[in-house]
Amino acid sequence: MTTHTEKIPCTLIRGDGIGPEIVDAALHILDAMKAPFDWREQTAGLVAIERGGDPLPETTLANMRETKLALKGPLTTPVGSGFRSVNVRLREALQLYANVRPGLSLIPDGRFTDVDVVLIRENTGGFYVGVEHFIPIGDDPRAVAEASGFLTRENCTRIAKFAFEYALRTNRQKVTVVHKANILKKLTGLFLETVTNVSAAYAGKVELEERIVDNCAMQLVLNPSQFDIILTTNMFGDILSDEIAGIIGGLGLAPGANIGEDAAMFEAVHGSAPDIAGQNIANPTALLLAAAMMFDHCDLSDMGNRLRHAITQTLQTPSTRTRDLGGKLSTTDFAKAVIDRL
Ligand code: ATP
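Considering the sheet that holds strand E9 (residues 207-212)
- Sheet architecture is open: ten strands sit in the order E2-E1-E3-E12-E11-E4-E5-E10-E8-E9, paired in mixed fashion. In the strand order of this sheet, the two ends are held by strand E2 (37-42) and E9, each with one partner. Adjacent strand axes in the sheet meet at a mean angle of 25 degrees when their direction is disregarded.
- With three bridges connecting them, strand E4 (residues 98-104) and strand E11 (residues 255-259) associate as antiparallel partners. If you follow Val100 over to E11, its bridge partner there is Ala257.
- In the packing of helix H3 (residues 58-67) onto the sheet, the strands contacted are strand E1 (8-13), E2, strand E3 (69-72) and strand E12 (264-268), and the crossing angle to E1 comes to about 150 degrees.
- The strands that helix H7 (residues 213-222) touches are strand E8 (174-179), E9 and strand E10 (229-232); relative to E9, the one it contacts most, it runs at about 100 degrees.

The structure is reproduced here in structure tokens:
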């Protein structure tokens, strides 16, 4: 087993809505494991707006640039407030270009019991660049809405290499590139072309197949176990990863990692779930699985595996699940149940 004498500095953002509750649960479990992280707590989201007006304060970014590692609760971007999404700003500022979202069947009585897919999403471009505007006609200032998507060959190559290297590292056999090159011929056509070019270097080691996004969405519902790695653009990745979360049992089970050359940030796929905030009923599993990914990232896979094993054991029976999965446990009691199984 790896032993660590020096602690690893890690930025901690509790986040909005259910964020503080699930982060607390995760911290209890990581403490019980004696995880070697030196938490550097920072603010972002609504709390940061209240304190200083900016949902992503420069001090938080500076801290993340220093630690190069973060565990983050979900952040709310107020709708129609003029603020750009904090999550998108974070990914851009730290160039966290690869979003890795594993979807694994963890519930033995779930709809599908053999899903093991990793969605890898280009995290910096596409329609998320925020270039959109209205065109006025007559007296209607918002008669036409226009949005632009951007992808560079360089960014497509970067994410394609990441996906194939990830496949090699994790013993996965197949990458399915998902696009809409029949309609968005240039934007997703460049993505498809670049991924295909990059795949040549991995021939015989990792297979490449392609799917149009609508077909992929249907195939995921019919037979999700056919997929190994799905590699796709920013918005398709956002939509398909929620679909995968639904297939494996819900958003409460879907973790995500945002990886760049210089930093990595780990979080749940879900948002801040304001509808259930403050009630101690949120499922912390997604954030816990993200923490397990963070262990792997820090070469602490033994701890990652130990945490994943305890979570899987806890989810075996409905009586030790949270409400979103048909159980009765509160967030804090679920955390205790995981600690009991460590
Ligand atoms: P965003 O736009 O940030 O994705 P959203 O409100 O559209 O936010 P979520 O916050 O992810 O989406 O919530 C979607 C639904 O899933 C809500 O009904 C919420 O209560 C539920 N949900 C999300 N996360 C959890 C969780 N960890 N445990 C239980 N229910 C959850």
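As for the pairing of E10
- The two faces of E10 match: Ile229 and Leu231 on one face and Ile230 and Thr232 on the other face are all buried.
- Bridge analysis of E8 against E10 gives four bridges, and the strand direction is parallel. Paired with Val177 across the two strands is Leu231, which belongs to E10.

Comments concerning the packing of helix H10 (residues 301-315) against helix H11 (residues 331-340)
- With their axes 8 Å apart at the nearest point, H10 and H11 run at an angle of 120 degrees to one another. As for the relative orientation of H10 and H11, their crossing is right-handed in sense. Contacts from Leu307, Ala310, Ile311, Thr314 and Leu315 of H10 reach H11 at Phe334, Ala337 and Val338.
- Its residues placed into classes, the contact of H10 with H11 shows seven nonpolar, one polar and no charged.

What counts, and where the lines are drawn
- Residues numbered from 1 in each chain as written.
- Predicted model: local features only at pLDDT ≥ 70, side-chain atom pairs only at ≥ 80, totals over all residues.
- Heavy atoms only, no water.
- Pairing = 2+ DSSP bridges.
- Helix = DSSP H or I, 4+ residues; strand = E, 2+ residues; numbered from the N terminus.
- Axes fitted to C-alpha atoms, helices over the stretch in contact; angles between N-to-C directions.
- Contact = heavy atoms within 4.5 Å.
- Buried < 20%, exposed > 50% of the residue type's maximum accessible area, 1.4 Å probe, protein only.
- Left-handed = near helix turned anticlockwise from the far one by under 90°.
- Nonpolar A, V, L, I, M, F, W, Y, C, P; charged D, E, K, R; others polar.

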